[in-house]
Amino acid sequence: MTALERKEKTEAYLKGLDIPINPWLPVIEEEADTIIRTAEDIAKRIIILVYLGGYAEEGDRREIVDFLQSEALWDSVSDYEKELLSKRRLTEKDKIKISWQSENIYLLLWAINKIDLLDLPIEHCNIGEMFDLLPGPFEPTRDYIQNATVRSKPEILDKSDLIYRLHWAAREANLRNQDIPGDIDIEILQEWHYAINWVTYYNDDWDDIQTDT
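So, a few notes on the structure that sits alongside this text. (Residues numbered from 1 in each chain as written. Predicted model: local features only at pLDDT ≥ 70, side-chain atom pairs only at ≥ 80, totals over all residues. Heavy atoms only, no water.)

### Overview of helix H9 (residues 153-175)
Inclusion rule: Only DSSP runs of H or I with at least four residues qualify as helices, and only runs of E with at least two residues qualify as strands; both kinds are numbered from the N terminus onward. A helix is expected to span 1.5 Å for every residue after the first.
Taking 1.5 Å of rise per residue, the 23 residues of H9 would be expected to cover 33 Å, and the 33 Å separating its terminal C-alpha atoms lies within 8% of that figure. Where H9 terminates, the next one or two residues include asparagine 177, which has phi positive at roughly 55°.

Here you go:
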């Protein structure tokens, strides 16, 4: 499927849901030009986000850092995450920002086939259910990482295109002080867009991902 065909398919789907489209919104990358992160890299990122969330929930900072280092994950922790994990106490702003990353985790779990169906971003993910899809607290992560499998490039690009166009519709509604169509939650959508753009190498570093529409 070409990028234009993917755009047209997404637009037809959104029209069927009565969600506005922008026909001038560009196509995303062609499949041949897209690189998808490896299942190993995605699984590592999930685990890092989980333990960062644990620290935000009053987890032991030193224990978390030691664990990530012992599991050979520390090199995959971003500079901003290392800065957070160097703080003896997180601010409320830090904690809120980290809490939203549960939605990043949800999207990434879908990307490695741990979640079968990724519906529209309407309801917040169930954190308790997600924990069933992860290694237990401070359990070894090697098998989880090595056994992860990434979805096909067409599946990921289909979802990327949908999230991109949905995000435009949600932002446009916000700008016009209108209800967001389809009960879409723009904050969930923001996190999904961030995560899917990382999966498709919109930028190399997790800290530098953009969610342009």
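### Quick notes on the nonpolar core
The criterion, for reference: What makes a nonpolar core is a set of buried Ala, Val, Leu, Ile, Met, Phe, Trp, Tyr and Cys residues whose side-chain atoms join them at distances within 4.5 Å. Three labels apply to residues, based on accessible area from a 1.4 Å probe with only protein chains included: buried if under 20% of the type maximum, exposed if over 50%, partly exposed otherwise in between. Should any heavy atoms of two residues lie within 4.5 Å, those residues are considered in contact.
In this structure, Ile46, Leu68, Leu85, Leu107 and Leu108 are the most contacted members of the largest nonpolar core, which totals 67 residues. Contributing elements (two or more residues each) for this core: helix H2 (39-56), helix H3 (61-70), helix H4 (79-85), helix H6 (101-111), helix H8 (142-146), H9 and helix H10 (186-199). Per-element tally for this core: the top contributor is H2, with 12 residues. Excluding its chain neighbours within four sequence positions, the residues that come into contact with leucine 107 are Leu118, Ile163, Trp192, Ala195 and Ile196.

### Let's talk about the packing of helix H1 (residues 3-16) against H9
Stated precisely, the cut-off is as follows: Orientation is described by lines fitted to C-alpha atoms, with helices fitted over the stretch in contact, and by angles between N-to-C directions that extend from 0 to 180 degrees. Here the word oblique covers every angle except those under 35 degrees (roughly parallel), over 145 (roughly antiparallel) and from 65 to 115 (roughly perpendicular). Handedness of each helix crossing follows the sense of rotation of the near helix against the far helix: counterclockwise by less than a right angle gives left-handed, clockwise gives right-handed. When residue character is reported, Ala, Val, Leu, Ile, Met, Phe, Trp, Tyr, Cys and Pro are called nonpolar, Asp, Glu, Lys and Arg charged, and the others, Gly included, polar.
Two numbers describe how H1 lies on H9: the axes approach to 10 Å, and their chain directions differ by 55°. Taken together, the axis directions place H1 and H9 in an arrangement best described as oblique. Remark: the crossing between H1 and H9 carries right-handed chirality. Between H1 and H9, the residues in contact are Arg6, Lys7, Lys9, Thr10, Glu11, Tyr13 and Leu14 and Pro154, Leu157, Asp158, Asp161, Leu162, Arg165 and Leu166, respectively. Residue composition of the contact of H1 with H9, by class: six nonpolar, one polar and seven charged.

### Comments concerning the side chain of threonine 10
Rule in force here: The term polar contact refers here to a pair of N or O atoms within 3.5 Å; inside protein, the definition further demands a hydrogen-donor-capable atom paired with an acceptor-capable atom, and it admits residues adjacent in sequence only when both atoms are side-chain atoms.
Mapped onto the elements, threonine 10 comes out in helix H1. For threonine 10, a relative accessible area of 5% puts it in the buried group. Only 2.6 Å separates the side chain of threonine 10 from the side chain of aspartate 161, close enough to count as a polar contact.

### A few points about the environment of lysine 153
The residue lysine 153 is located in helix H9 in this model. Between the C-alpha atoms of lysine 153 and threonine 34, which are 119 residues apart in sequence, the distance is 8.1 Å. Of the polar contacts made by the side chain of lysine 153, one reaches the backbone oxygen of threonine 34; its length is 2.7 Å.

### Observations regarding H3
Put simply, the rule reads: This arc describes the spread of directions from the helix axis toward the C-beta atoms.
Burial in H3 covers these residues: Arg61, Ile64, Val65, Phe67 and Leu68. The buried residues of H3 occupy an angular sector of 160° when the element is viewed end-on, so they sit on one face. Where H3 is buried, its residues meet H2 and H4. Sitting at the amino-terminal end of H3 is aspartate 60, which places a side-chain oxygen 3.1 Å from the backbone nitrogen of arginine 62.

### What about the packing of aromatic side chains?
The condition is simple: Side-chain rings of Phe, Tyr and Trp, where Trp is taken by its six-membered ring, are said to pair if the distance between their centres is within 6.5 Å; with planes under 30 degrees apart they count as stacked, over 60 as edge-to-face, and otherwise as tilted. Over a ring means this: the NZ of a Lys or the CZ of an Arg is within 6 Å of the ring centre and within 35 degrees of the ring normal.
What the rule picks out here adds up to six aromatic pairs. A centroid spacing of 5.3 Å and a plane angle of 85° characterise the contact between phenylalanine 67 and phenylalanine 138, whose relative ring orientation is edge-to-face. With a gap of 71 residues between them, phenylalanine 67 in helix H3 and phenylalanine 138 in the loop between helix H7 (127-131) and H8 connect regions that are remote in the sequence. Judged by relative accessible area, which is 7%, phenylalanine 67 ranks as buried. Measuring from centroid to centroid gives 5.6 Å for tryptophan 198 and tryptophan 206, while their planes differ by 80°, and the two rings are edge-to-face. We note that tryptophan 198, like tryptophan 206, is buried. A network of ring pairs unites the aromatic residues Tyr51, Phe67 and Phe138 as a single cluster. The side chain of arginine 37 reaches across the aromatic face of tyrosine 201, ending 3.8 Å from its centre.

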